[in-house]
Amino acid sequence: MENKIKAFMDEVIARNGHEPEFIQAVQEVAETVIPYIANQDIYNGKNILLRMVEPERLISFRVAWVDDAGEIHVNRGYRIQMNSAIGPYKGGLRFHPTVNASILKFLAFEQVFKNSLTTLPMGGGKGGSDFDPKGKSDDEVMRFCHAFMLELNRHIGPNTDVPAGDIGVGAREIGFLFGMYKKIRNEFTGVLTGKGLSWGGSKIRPEATGYGTVYFAQSMLKTKNETFEGKTVVISGSGNVAQYAAEKAILLGAKVVTLSDSSGYIYDKDGLNDEKLAFVMDLKNNRRGRISEYADKYASAEFHKGKTPWEVKCDIALPCATQNELNQQDAKNLLKNGCMCVAEGANMPCDTDAVHEFNNAKILFAPGKASNAGGVATSGLEMSQNSLRISWTREEVDERLKDIMEDIHDSCIEYGKEEDGFCNYVKGANIAGFVKVADAMLAQGVI
Ligand SMILES: NC(=O)C1=CN([C@@H]2O[C@H](COP(=O)(O)OP(=O)(O)OC[C@H]3O[C@@H](n4cnc5c(N)ncnc54)[C@H](OP(=O)(O)O)[C@@H]3O)[C@@H](O)[C@H]2O)C=CC1
Ligand SMILES: O=C(O)CCC(=O)C(=O)O
């Protein structure tokens, strides 16, 4: 079996050797899916996984825009249309200076499996730009978004490809992008998700990724007769996913003691509460400040510059910032400190060695493609509401989100439970995500 995996990875590396994040994401899937395929006659000889690692389409384009001082800038825009076997391409847009083809290909590849897990008819895609919204005025962000959509609009549509937000793309950016699409195409459609409530957005979409991550962790904890009540929770990031993961964990009676950004983390020994979280939301979403300001405001908190929060003792860890933010040593620290559950809110935040540490220790570990699928699932619900031209209540959407997260958990158990009763959620998520897409690809022939 190891030879088969190696031969497959050699071919992937030969074609994508300069794309480390993409190779990392593919390796994880290959290690779990290739042994599964070997025992399933219908997939043998069809090279399904080899077809799945090649994007159906990779679009790269120039984005030129003018700053407030009149200077012209050039960024690179992308859309990776990875797989459309089970529905239109669906996945976020990331604006961050580190964006490149490797990062977007890993994200698009993971998205294919994640979207399949949601049970909704969505293919996988991802896009973005190396544009950095930090330090830019609202007008500059608007001009960039408009320039970006000037090209992107040719490649997307409500039945073709439906982008949404990711790092650096929130409500403000989705508004500017939607406005330009509508102007160019002269149509008001559900071409993007994460829209404002008064122009086609869904209730709970802003909360969905963070809430969904906590719902998934709740399901995992339930298998051990545990809950969030009274648990100490460590969260990284302080953006969209982190904010709402914190909100839901606090609501369930947990003590959330950390948040972070790229400059360091805050540790609040008393834990966050509603008022402190409202301060973070205003700081990050409106004033666009740094998390260190939390420690200036609250005497119970301290700021740890340049560090990540994995050195803090906790029961549950929710990495919600970015890829590879938690390494093997961090995993060892968490295990030594008694952490029993790790659910990824971000995409691939734990590196390969960290994932092996957690699974070897047989603690509850959820890969992002399962635990953070609530965001895209609720985007799928936004698409349904747009098509039906109706708007569900907050309670209706939240109920559907909870059901979807439970279904994903059940699928992981179905394909990931091992003989000794331990559930390998990585294996479960990869195989369950693969089966639905692979079956659709088989039915549609070699294209
Ligand atoms: N939004 C969504 O619906 C979904 C998001 N995700 C994933 O969740 C993660 C967070 O996304 P989201 O909350 O939307 O993004 P935001 O832009 O709202 O927040 C990102 C957070 O991560 C921090 N961060 C970014 N890069 C780094 C870095 N290199 N080191 C340390 N911290 C960093 C940011 O800090 P700073 O401000 O200093 O950069 C910020 O606190 C991403 O992995 C994304 O792909 C997954 C599913 C859906
Ligand atoms: O809501 C969406 O379409 C995108 C969410 C996303 O980018 C993700 O799941 O990583």
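This one's a predicted model, so the numbers in the text were calculated from it and none came from an experiment. (Residues numbered from 1 in each chain as written. Chains lettered and ligands numbered in written order. Predicted model: local features only at pLDDT ≥ 70, side-chain atom pairs only at ≥ 80, totals over all residues. Heavy atoms only, no water.)

### With respect to the sheet that holds strand 8 (residues 264-268)
If you trace the seven strands from one edge of the open sheet to the other, you get 9-8-7-6-10-11-12, paired in mixed fashion. Two strands close off the open sheet at either side, each with one partner strand: strand 9 (301-305) and strand 12 (364-366). Strand-to-strand twist in this sheet, taken as the mean axis angle between neighbours without regard to direction, amounts to 15 degrees. Looking at chain direction, strand 6 (residues 232-236) and strand 10 (residues 316-319) are connected through four bridges and run parallel. Following the sheet pairing, Val234 is matched in strand 10 by Ala317. (Pairing = 2+ DSSP bridges. Helix = DSSP H or I, 4+ residues; strand = E, 2+ residues; numbered from the N terminus. Axes fitted to C-alpha atoms, helices over the stretch in contact; angles between N-to-C directions.)

### Some thoughts on the site of ligand 2
Surrounding ligand 2, one finds 14 residues, the nearest of these being Lys90, Lys114, Lys126, Arg205 and Ser379. At 2.6 Å, a side-chain N or O of Lys90 approaches an oxygen atom of ligand 2. Contact between ligand 2 and Lys126: an oxygen atom at 2.7 Å from a side-chain N or O atom of the residue. When the free accessible area of ligand 2 is taken as 300 Å², the share hidden by the protein chains comes to 95%. Every element with two or more residues in the shell around ligand 2 is listed here: strand 3 (89-95), helix 4 (101-117) and helix 14 (374-388). Classifying every residue of the shell around ligand 2 by side-chain character gives two nonpolar, seven polar and five charged. (Near = heavy atom within 4 Å. Polar contact = N/O pair within 3.5 Å; in protein donor to acceptor, adjacent residues only side chain to side chain. Areas by Shrake-Rupley, 256 points an atom, 1.4 Å probe, with all protein chains shown as cover. Nonpolar A, V, L, I, M, F, W, Y, C, P; charged D, E, K, R; others polar.)

### What about the site of ligand 1?
Residues in contact with ligand 1 amount to 25 residues; listed here are only the nearest, Asp166, Thr209, Ser262, Arg290 and Asn347. Here an oxygen atom of ligand 1 and a side-chain polar atom of Lys134 are 2.8 Å apart. Relative to its free-state accessible area of 890 Å², ligand 1 is covered by the protein chains to the extent of 83%. Put simply, the parts of the chain that give the shell around ligand 1 at least two residues each are helix 7 (205-222), helix 8 (240-251) and strand 7 (255-261). Residue composition of the shell around ligand 1, by class: five nonpolar, 13 polar and seven charged. Viewed by domain, the shell around ligand 1 spans two of them, domain 2 (55-189) and domain 3 (207-371), each represented by three or more residues. (Domains from an automatic or database assignment.)

### So, the environment of Gly175
With respect to the helices and strands, the residue Gly175 is situated in helix 6 (residues 171-185). Residue class for Gly175 comes out partly exposed when judged on its relative accessible area of 21%. The spatial distance from the C-alpha of Gly175 to the C-alpha of Asn100 is 24 Å, given a sequence separation of 75 residues. (Buried < 20%, exposed > 50% of the residue type's maximum accessible area, 1.4 Å probe, protein only.)

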